[in-house]
Amino acid sequence: MATRDLVLSALFAAIIVALGLVPPIMLGFIPVPITAQSLGVMLAGVVLGARRGTISVLLVLVLAAIGLPVLSGGRGGLAVFMAPTTGYLIGWVFAVITTGYLSQLLVSHSQAGFVQTVNFFVAALFGGVIVLYVCGISYLALITGLGFSKAFMGSLAFIPGDVLKAVIAALAGRTVMVGYPLLPKRA
């Protein structure tokens, strides 16, 4: 792995950690808070692609596992991997892989700007919302005993904010692609 790739992965890990400084918002009816860190996961996927984005997310999860307070609300340590939110943390890995892969697949330099933005949005929405929710809701339903329907219905409150995050990620991905393209070149 090139030094540039390591630096970019570390930079986006830092962005994800910095987004954790935004205080979490608890809704009360579901034991999962609203956080800004899923935006960082989407950004890592659309800007860096699948491989480097995954490294950045794994780096954040390793830092959390060794006890550093890198997750929203200043959480860290192995206990965060035994909580109702664990499915979402695990889902970050699959979300960034999916978002990055779809970004690499759907977006090219020959496309018009609007098409690139829409394709980034589709990648962020599919990976950063749908894939993340599948992992998070499944784990939440199984571990807490809520059942899939209650966990799903409770998670619907997150959708408007996560769609907004996907829009922000798409706009950022397009902006970075214009100024300093980081998505891996296709063969």
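Residues numbered from 1 in each chain as written. Predicted model: local features only at pLDDT ≥ 70, side-chain atom pairs only at ≥ 80, totals over all residues. Heavy atoms only, no water.

Considering the packing of helix H5 (residues 113-144) against helix H7 (residues 159-179)
No. 1: Contact geometry of H5 with H7 gives a least axis separation of 8 Å together with a crossing angle of 140 degrees. With respect to H7, the element H5 is oriented oblique. Considering the relative orientation of H5 and H7, their crossing is right-handed. Residues Gly-113, Gln-116, Thr-117, Phe-120, Phe-121, Ala-124, Leu-125, Val-129 and Tyr-133 of H5 pack against Ile-159, Asp-162, Val-163, Ala-166, Val-167, Ala-169, Ala-170, Leu-171, Gly-173, Arg-174 and Met-177 of H7. (Axes fitted to C-alpha atoms, helices over the stretch in contact; angles between N-to-C directions. Helix = DSSP H or I, 4+ residues; strand = E, 2+ residues; numbered from the N terminus. Parallel < 35°, antiparallel > 145°, perpendicular 65-115°, else oblique. Left-handed = near helix turned anticlockwise from the far one by under 90°. Contact = heavy atoms within 4.5 Å.)

Some thoughts on the nonpolar core
No. 1: Core analysis: the largest hydrophobic core is formed by 46 residues, its most contacted members being Val-41, Val-57, Val-60, Leu-71, Trp-92, Phe-120 and Ala-169.
No. 2: Where this core is concerned, the elements lending two or more residues are helix H1 (3-19), helix H2 (37-48), helix H3 (50-65), helix H4 (86-106), H5 and H7. (Core = buried A, V, L, I, M, F, W, Y, C linked by side-chain atoms within 4.5 Å. Buried < 20%, exposed > 50% of the residue type's maximum accessible area, 1.4 Å probe, protein only.)

Observations concerning a nonpolar patch on the surface
No. 1: Taken together, the side chains of Phe-114, Val-115, Val-118 and Val-122 define a hydrophobic patch exposed on the protein surface, amounting to about 340 Å² of accessible area.
No. 2: With respect to the element layout, Val-115 can be found in helix H5. (Patch = residues over 30% accessible without salt bridge, like charges linked within 9 Å, V, L, I, M, F, W, Y side chains within 5 Å. Areas by Shrake-Rupley, 256 points an atom, 1.4 Å probe, with all protein chains shown as cover. Salt bridge = Lys/Arg side-chain N within 4 Å of Asp/Glu carboxyl O.)

Overview of the environment of Asp-5
No. 1: Its location among the elements puts Asp-5 in helix H1.
No. 2: Along the backbone, Asp-5 and Ile-30 are 25 residues apart, and their C-alpha atoms lie at a distance of 38 Å.
No. 3: Sequence-distant contacts of Asp-5, that is, excluding residues within four places in its chain, are made with Arg-51 and Arg-52.
No. 4: A polar side-chain atom of Asp-5 sits 3.2 Å from a polar atom in the side chain of Arg-52. (Polar contact = N/O pair within 3.5 Å; in protein donor to acceptor, adjacent residues only side chain to side chain.)

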